[in-house]
Amino acid sequence: MIEPIGAMMMREPGGKRCRSVAAVAILALTDLLEETSSDGTVTMEEVRRVAKAVLAARGPLGDHYAMWEDGCDAAFTLRRIERQRTDFIGRILTQPFSSFFDDKNSGIERKHLPQFFSAVRMIVGEEPFDVLRTRANKAAERHRTPEGMVAWSDFYADDDTKAVFEEVAVTMARSFRRFEPRKDWFLIIMNSSPSSVSTSSNAFIPKRPEDKVLREFSEAHMCRLFQALFARFRVETFSPERKAAFMERWGSEPEKVFGPLFVALLAMSQQGG
């Protein structure tokens, strides 16, 4: 019988996971047979009796089976989810500040991501954003393992992945040159519900007072997020070679592109502190 392609993709090389489960059962079987044997021999009747006992697998062996079954379920579910992922630009954008999601004191949560992505999309533009999304997706496909997972370290190190992030970062930094109005706009987006209507980066359909949500994403949160998001573009992170390549791509020095933003963020953090 030919296995479905999906099942083949989920299998680890050499059936490693299932082989480990079988190995315990086989070793248990051989140990029991050895205990049952007389002068190193056992009858087929005894083999069948011991085999049935191993298959029944109560006690510690049963617990082992249950543990491995749970592990298999979790691993296969994860792989199925990974194979279904089709939008990787979000991974690229959140990777610099993803550690905040596990820090309850950061105030930055996964629930903020839809509005963050919406703001980025409006800043970059719908069509350019879709082009970048396609490049990100292709980069991810290049780094899928035979099991269907994405090798994340390789994905983040991919030149196209870096280029996608840099293009978004440059576009955002340039859009924040007039920092105060752009900051206010960004905070409006971040504090709007996903059903809010924003027709462009500076045009909105007003919501009714009863539809507005509490302002829970503050200037301090924005400052924290942006400082992490743009950290790799601080002047001290640029080697002469990287700086020269950046200037060739963007026609400007990195400090001119990102410097004003870092100055504004520093001032905002000092005001908040």
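Look up a bit, the structure's there.
In this report, we go over the structure that sits alongside the text. None of these values were measured; they are calculated from a predicted model.

Parameters and conventions
Residues numbered from 1 in each chain as written. Predicted model: local features only at pLDDT ≥ 70, side-chain atom pairs only at ≥ 80, totals over all residues. Heavy atoms only, no water. Core = buried A, V, L, I, M, F, W, Y, C linked by side-chain atoms within 4.5 Å. Buried < 20%, exposed > 50% of the residue type's maximum accessible area, 1.4 Å probe, protein only. Contact = heavy atoms within 4.5 Å. Axes fitted to C-alpha atoms, helices over the stretch in contact; angles between N-to-C directions. Helix = DSSP H or I, 4+ residues; strand = E, 2+ residues; numbered from the N terminus. Parallel < 35°, antiparallel > 145°, perpendicular 65-115°, else oblique. Nonpolar A, V, L, I, M, F, W, Y, C, P; charged D, E, K, R; others polar. Phe/Tyr/Trp six-rings, centres within 6.5 Å; stacked < 30°, edge-to-face > 60°. Left-handed = near helix turned anticlockwise from the far one by under 90°.

## Concerning the nonpolar core
Point 1. Ranked by internal contacts, the top residues of the largest apolar core, which has 56 residues, are F97, F116, F186, F226, F230 and F258.
Point 2. Once residues within four sequence positions are removed from consideration, F116 is found in contact with L93, F97, F186, M190, L225 and L229.

## With respect to the packing of helix 6 (residues 113-124) against helix 9 (residues 159-175)
Point 1. The interhelical angle for the contact between helix 6 and helix 9, taken along N-to-C directions, is 80 degrees, at an axis separation of 9 Å. Between helix 6 and helix 9, the angle falls in the class roughly perpendicular. Contacts between helix 6 and helix 9 involve V120, I123 and V124 from the former and V168, T171, M172 and S175 from the latter.
Point 2. Here the contact of helix 6 with helix 9 is built from residues that sort into five nonpolar, two polar and no charged.

## Things to note about the packing of aromatic side chains
Point 1. In the structure shown here, the tally under the stated rule is 20 aromatic pairs.
Point 2. Taken together, a centroid distance of 5.7 Å and an interplanar angle of 15 degrees make the contact between F165 and F233 stacked. Here F165, found in helix 9, pairs with F233, found in the loop between helix 11 (219-229) and helix 12 (240-250); they are 68 residues apart in sequence, far enough to count as distant.
Point 3. We classify F233 as buried; its relative accessible area is 2%.
Point 4. Plain terms: the ring middles of F246 and F258 are 6.1 Å apart, the flat faces sit at 50 degrees to each other, and that makes the pair tilted. Of this pair, F246 sits in helix 12 while F258 sits in helix 13 (residues 254-272), placing them twelve residues apart in sequence.
Point 5. The buried category is assigned to F246, whose relative accessible area is 0%.
Point 6. Looking at F258, the relative accessible area reads 1%, which means it is buried.

## Things to note about the packing of helix 6 against helix 10 (residues 179-190)
When two helices pack together, their arrangement is given by the angle between the helix axes and by the axis-to-axis distance.
Point 1. Put simply, helix 6 and helix 10 touch, their axes get as near as 8 Å, and they point 140 degrees apart. It follows that helix 6 is oblique to helix 10 by the angle criterion. Considering only the axes of helix 6 and helix 10, their crossing is right-handed. Facing helix 6, whose interface residues are Q115, F116, A119, M122 and I123, helix 10 presents R182, W185, F186, I189 and M190.
Point 2. Counted by class, the contact of helix 6 with helix 10 contains eight nonpolar, one polar and one charged residues.

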